[in-house]
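Listed below, chain by chain, are the residues.
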Amino acid sequence: MTNGSTRNRLKQKVKSHIPKDWLTEIRITARIIAETFKGINQSGLLINIAIIGTMAAILTIFGSIFRTTLSLSSIVEEMGGALELSVYLEPQADVSATIKNVKKLKCVKNVSFVSKEKSWNDMKREINMPDVENPLPDVLRVKVDHMKNIDLVMTEVKKLPDIQDTGYAKELAQKAEMLNKISHTVTLVVMIVASLLTITIINNTIQLVIQSRKEEIEIMRLMGVSNWYIKCPLVLQGAIYGFAGALIAVIPINIVQGYLQKMHEFFAIPVFGFAQGLVVVSVILMGVVFAAGGSLMSIKKHLQV
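We now turn to the structure provided with this report. Note that the coordinates shown come from a computational prediction; the quantities given were computed from them, not determined experimentally.

This part is about the packing of aromatic side chains. Overall, the coordinates contain 1 aromatic pair when judged by the stated rule. When the ring of phenylalanine 62 is compared with that of phenylalanine 66, the centres are 5.8 Å apart and the planes differ by 20 degrees; the resulting orientation is stacked. Taken as a pair, phenylalanine 62 and phenylalanine 66 lie in helix α3 (residues 45-82) at a separation of 4 residues, close to a single helical turn. Assigned by exposure class, phenylalanine 62 and phenylalanine 66 land together as buried.

What follows is about the pattern of salt bridges. Counted by the stated rule, this structure contains 2 salt bridges. Note that glutamate 35 is salt-bridged to arginine 31, the shortest N-O span being 3.0 Å. One end of the pair, glutamate 35, and the other, arginine 31, are both in helix α2 (residues 22-43), 4 residues apart, so they sit about a helical turn from each other. Ionic pairing is found between glutamate 156 and lysine 159, a salt bridge with its closest N-O pair at 3.4 Å. Looking at lysine 159, the relative accessible area reads 60%, which means it is exposed.

If you look at the biggest cluster of nonpolar residues, it comprises 30 residues, and the most contacted ones within it are Phe62, Ile202, Tyr241 and Val283. Here this core gets 8 residues from one element, more than from any other, and that element is α3. Listed in part, the 24 residues of the second largest apolar core include Leu89, Cys107, Val157 and Leu160.

This part covers empty space enclosed by the protein. Taking a probe equal in size to a water molecule and rolling it over the atoms shows the remaining empty space. Tallied over the entire structure, the rule returns 1 cavity of 30 Å³ or more. Glu35, Arg213, Ile217, Met220, Tyr229, Ile230, Pro233 and Leu234 together form the lining of the largest cavity. Where the lining of the largest cavity is concerned, the elements lending two or more residues are α8 (214-222) and α9 (227-267). The element best represented in the lining of the largest cavity is α9, accounting for 4 residues.

Its identity is not glycine, yet cysteine 107 carries a phi of approximately 80 degrees, on the positive side. Note that cysteine 107 resides in the loop between α4 (95-103) and β2 (108-114). Not every positive phi belongs to a glycine, and aspartate 162 is a case in point at roughly 70 degrees. Looking at the secondary structure, you find aspartate 162 in the loop between α6 (150-158) and β4 (163-167).

With that out of the way, let us pick up the side chain of threonine 187. Its location among the elements puts threonine 187 in helix α7 (residues 170-212). When its relative accessible area of 10% is taken as the criterion, threonine 187 is described as buried. A polar side-chain atom of threonine 187 sits 2.8 Å from the main-chain carbonyl oxygen of serine 183. Every residue in contact with threonine 187, bar those within four places of it in the chain, is listed here: Ile65, Phe66 and Thr69.

Cut-offs and rules
Counting of residues starts from 1 at the beginning of each chain's written sequence and follows it residue by residue. Since the coordinates come from a predicted model, pLDDT governs what is reported: local features require at least 70, and pairs of side-chain atoms require 80 or more to be given and counted, while whole-chain, interface and lining totals use all residues. Excluded from the side-chain calculations are hydrogens and water; all other atoms, namely the structure's heavy atoms, are used. Geometry of aromatic contacts follows a simple scheme: Phe, Tyr and Trp rings, the Trp one being its six-membered ring, pair when their centres are within 6.5 Å, and the pair is stacked under 30 degrees between planes, edge-to-face over 60, tilted otherwise. Numbered from the N terminus, helices here are DSSP runs of H or I no shorter than four residues, and strands are runs of E no shorter than two. Type-normalised accessible area, obtained with a 1.4 Å probe on protein chains alone, sets the label of each residue: buried when under 20%, exposed when over 50%, and partly exposed for intermediate values. What counts as a salt bridge is simple: a side-chain nitrogen of Lys or Arg found within 4 Å of a carboxyl oxygen of Asp or Glu. Side-chain atoms within 4.5 Å are what join buried Ala, Val, Leu, Ile, Met, Phe, Trp, Tyr and Cys residues into a set we call a nonpolar core. Using a 1 Å grid laid over the protein atoms alone, points where a 1.4 Å probe fits but cannot get out form a cavity; open sets with protein on both sides within 12 Å along at least 5 of 7 lines form a pocket; any residue with an atom within 4 Å of a point counts as lining. Grid points are joined across faces, edges and corners, and a volume is the space filled by probe spheres set on the points. By the criterion applied in these results, polar contacts are pairs of N or O atoms within 3.5 Å in which, for protein atoms, one can donate a hydrogen and the other can accept it, and in which residues neighboring in sequence qualify only through two side-chain atoms. Here a residue-residue contact requires only that any non-hydrogen atoms of the pair lie within 4.5 Å.

Right, here's the structure in full:
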């Protein structure tokens, strides 16, 4: 062990004193790129189309679901911002003091006051009401910073003096939150499945390339060619497949984006400005990274270098 580590240190020391020939480096890089496209060419046109098409389909499904999840999150967030907690005051309540107390509570974003006279007049305009005494209480409309905090705020409000009752559209909030959680879970599951499929497809493809070039690789090993020179074209080949599939997947994902944009416009809900860019970058990264990862797995399994 000591002799081996000493030898490695000596090699590194010698290498550090050898001047770099940048022209040679460029030639090696060009050769690696040429070997990469040679491997792609040897795979055959039909196989390449099948691999890239399959990856494009997988990445399209992932990207479309991811983009839809971002829109659903935006809608749920907007609904949470619009959702208000109704706080009904006692008949003799000190309105100003109660508003101050509510505003002091954690997670409260805004408080507005609606008098019982206004509520009664609005109701009479909408419904033909008999001429009776106003039975409605004064109401505070409390906006919370996030939908998930509304139960916490309601609990704290109930502890304050001059509070008769509280309420909000709890069922709507729960369904919206559940929908948001389901969409996130589905996105995660699809991402895992898409990653596994990508790795499997590239793994099998690179295995075929290794088998077809077995003698050529063996000759390079006997000639003393470095391992990274043999491995790098195979990894790049997988990455190119992933990149090509991702670029094709962007086209249908943009179509999905158009439909989601119309949905946002219909409900007058703003779209995250970075949503589409985030999805495109994620799809490309996923295609390249997992395809390259599949190549590395295949190399370790089928190529003893």
